[in-house]
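What follows is the residue order along each chain.
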Amino acid sequence: MITLLSGNEAFARGAYEANVKVVSSYPGTPSTEITENLRNYPLIYAEWAVNEKVALEVAAGASLAGKRAMTCMKHVGLNVAADPLMTLSYTGVNGGLVIIVCDDPGMHSSQNEQDSRHYAMFSKLPMLEPSDSMEAKEFLIQAFEISEKFECPVLIRSTTRLSHSKSKVELKEQKITKEGNIEINPDKWVMVPANAKKKHIIVEERLKQLQIFFETAEINKTELNSKNLGFICSGIIYQYVKEVFPDASIFKLAAVYPLPIKRINEFLTKVKDVYIIEELDPFLERELRAEGLTVRTPKRPICGEMSPDIIKNIFLKNKKTTKNIYNDLPARPPNLCAGCAHRGIFYAISKLKLFVTGDIGCYTLGYLSPLNAIHSCICMGASISMAHGIDKATDGNYSKKAVAVIGDSTFLHTGINGLINAVYNKGCSTVIILDNRTTAMTGHQDNPATGITLKGESTYKLNFIELAKALGLKNITTVDPTDVEKCITILKEETNKDELSLIITTKACLYADKSVISNPHSIEWDKCTGCKLCLKLGCPAISFNIEENKASIDITLCTGCTLCVKVCKFSAISEYTTNDD
Ligand SMILES: Cc1ncc(C[n+]2csc(CCOP(=O)(O)OP(=O)(O)O)c2C)c(N)n1
């Protein structure tokens, strides 16, 4: 059967067809839907891990047990999982082990734009890069075969365009694979120096063997057309090149590491002008130059996403190029949703002008005007450790005591380590866990504090208060983040203490728990003085009519959170009623 699937749906289907037993992942755009789609495959055990390092280690355990295992993550997730990755390259695998890493060129939804191909070279592991959904599925199946043949983990790189766009896929039967048993071989799996020294030599030899394998592997393809113009490319860039230069010759790399140098050299002898086109870093360019190959590299942007238009502009400079339609679209800056549980506490923070180390999640948007309530955001988990660093650097005397804000999922990802550290080292910052009972930013995935697994089963629901007590915190308070007055009182109290404090907000994200939504409100213009205090909330449902000098609420957006009711000094906001009988 042939059907349309996104790259991520195709990866999930590939896991099924490849007879994968265990998948453990942590959400992150653009990779999330691979694991989410595994809900539809009852034969695969799939879970949300608390972070990517744990996810890879779970997959490694399943591989050690002789079963096929997979983990999926966004590019920055691989930084978190880099520690086990580097040494799993030494141990090797038992059952096939595949790591899908999804890069985000253009940073549609990411804090940086790193190019994960470097991790293949860094860890000396093979990396495949599909160009469409069919290849996503097929390369995944082949990746398991390569993993078992060479006894090593295999990386698959996707990018946002591949993961999120649909193309046709032929669905096939599930493969019957021989399942192994748990491998009792400590010399292989215990990486003490004596074993690791021997393994490093094996890793280097394996890399040579992988290169020989990819020289003849059918997945790397030579498409000979024009004798004058040719390209070397991989992944989604292949589609762009085909679109702009349908008659050109192409050396299409399926394996971006290690490279089939002899075959590329052969291609260079057959086509006069051969250009490398790639997205982000000049990875292929450097590798091929280091091998002494003479390749052309057009002047291209290293930052941002590639597109057919950019390729056209590079090569067809003087000819008519298509207009970039995206430039004409109105800007739509991100904002916390109307009724977002985070808004109230950020309003309180901004009123108190506190200095806030932020973290990654929907709440990062508290940084935006008019709330202006976050002063740093580096990576998941950094808020608590950075607040502790500020605290220590200023001997706890910083006039605006450092406050860390962190979401529930992010706290459990890597924030918890920072909190343990702050307790242990006698920190005295104030930490706020914004518990909206979901991993909202990436599309409402469950986590250990929601009490539900990826497969929708109920499980133990982690209790932040009990956890904090066990970690040694003495000052633990909870607050409804939409109760602005209470937030202000608690923040004043806790930031004045000479000890570490934890505040936990208790309102669910309205998209995770619809019962939070209530009737919309409206503004009585007779009472509205045009003071604009309600606009300081930055709620997208509230706008200002300049001619009338009055604020108004879009009732189609309002979720009845009543934050604006609480900040309005003139009692001008109340529940919306129609005059219709
Ligand atoms: C290492 C890493 N993994 C994954 C992500 C993707 N990501 C960004 S924020 C976030 C979690 C947000 O959930 P939470 O902390 O509960 O905050 P919320 O969005 O619900 O407010 C995730 C998974 C990332 N940026 N970095």
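Residues numbered from 1 in each chain as written. Predicted model: local features only at pLDDT ≥ 70, side-chain atom pairs only at ≥ 80, totals over all residues. Heavy atoms only, no water.

Just checking my understanding: could you explain the overall build of the chain for this structure?
Each helix and strand in the chain was counted, giving 20 helices and 22 strands. Scaling as 2.2 N^0.38, a compact globule of 581 residues should have a C-alpha radius of gyration of about 25 Å, and the chain matches this with 27 Å. Per-residue burial over the chain gives 53% buried out of 581 residues. Of the contacts made within the chain by residues no fewer than 6 positions apart, 75% connect residues no fewer than 24 positions apart. (Helix = DSSP H or I, 4+ residues; strand = E, 2+ residues; numbered from the N terminus. Rg over C-alpha atoms; globule rule 2.2 N^0.38 Å. Buried < 20%, exposed > 50% of the residue type's maximum accessible area, 1.4 Å probe, protein only. Contact = heavy atoms within 4.5 Å.)

I would appreciate a short explanation of the pattern of salt bridges in the present structure.
Any two side chains of opposite charge can pair, on the condition that their charged atoms come close. All told, the structure shown has 31 salt bridges when counted by the stated rule. Residue R157 is joined to D103 by a salt bridge in which the shortest nitrogen-to-oxygen separation is 2.7 Å. Of the two residues, R157 sits in strand β7 (residues 154-159) while D103 sits in strand β5 (residues 97-103), which places them 54 residues apart along the sequence. No difference in accessibility class separates R157 from D103, as the two residues are buried. Here E138 ties to K172 by a salt bridge, and the two come within 3.2 Å at their closest N and O atoms. Of this pair, E138 sits in helix α7 (residues 133-150) while K172 is found in the loop between β8 (166-170) and α9 (186-189), placing the two residues 34 residues apart along the sequence. A relative accessible area of 35% places K172 in the partly exposed class. (Salt bridge = Lys/Arg side-chain N within 4 Å of Asp/Glu carboxyl O.)

Can you walk me through the sheet that holds strand β3 (residues 45-48) in this structure?
Two strands in a sheet stick together by hydrogen bonds in their backbones, pointing the same way (parallel) or opposite ways (antiparallel). Spatial ordering of the open sheet is given by β3-β2-β4-β5-β7-β6-β12, a layout of seven strands whose pairing is mixed. The open sheet is flanked by β3 and β12 (255-257), the only strands paired with a single partner. Examined bridge by bridge, strand β2 (residues 22-25) and strand β4 (residues 69-74) share two bridges and lie parallel to one another. By the bridge assignment for β4, V23 is matched with M70. (Pairing = 2+ DSSP bridges.)

Hey, could you run me through the side chain of R300 in this one?
Summarising the element assignment, R300 is placed in the loop between α13 (283-290) and α14 (308-315). Put simply, R300 is tucked away with no salt bridge, and the nearest opposite charge, on E278, sits 4.4 Å away. R300 has contacts with E278, E279, L280, D281, P282, M306 and I314, leaving out every residue within four places of it along the chain. (Lys, Arg positive; Asp, Glu negative; His and termini not counted.)

Please clarify how the sheet that holds strand β13 (residues 273-276) should be interpreted in this entry.
With mixed pairing, four strands are arranged side by side in an open sheet as β9-β11-β10-β13. The open sheet has two edge strands, β9 (221-223) and β13, and neither has a second partner. Between one strand axis and the next, the sheet turns by 15° as a mean value, whatever way the strands run. Sheet topology note: the strand β10 (residues 229-234)/strand β11 (residues 249-253) ladder contains five bridges and is parallel. Its bridge partner being in β11, G230 is matched across the sheet by S249. The strands touched by helix α12 (residues 261-270) are β9, β10, β11 and β13; relative to β11, the strand with the most contacts, the crossing angle is about 170°. (Axes fitted to C-alpha atoms, helices over the stretch in contact; angles between N-to-C directions.)

How do you make sense of unusual backbone geometry when you look at a structure like this?
With the exception of glycine, the majority of residues adopt a negative phi angle, and the majority of peptide bonds are in the trans configuration. Cis geometry is adopted by the peptide bond preceding P30, which originates at T29 and carries an omega value of 10°. Each neighbour pair has its own omega, and for S369 with P370 the value is 10°, a cis peptide bond. Structurally, P370 is set in the loop between β14 (355-357) and α16 (382-393). Even without glycine at this site, E151 takes up a positive phi of about 50°. Inspection of the secondary structure puts E151 in the loop between α7 and β7. For E151, a relative accessible area of 44% corresponds to the partly exposed category.

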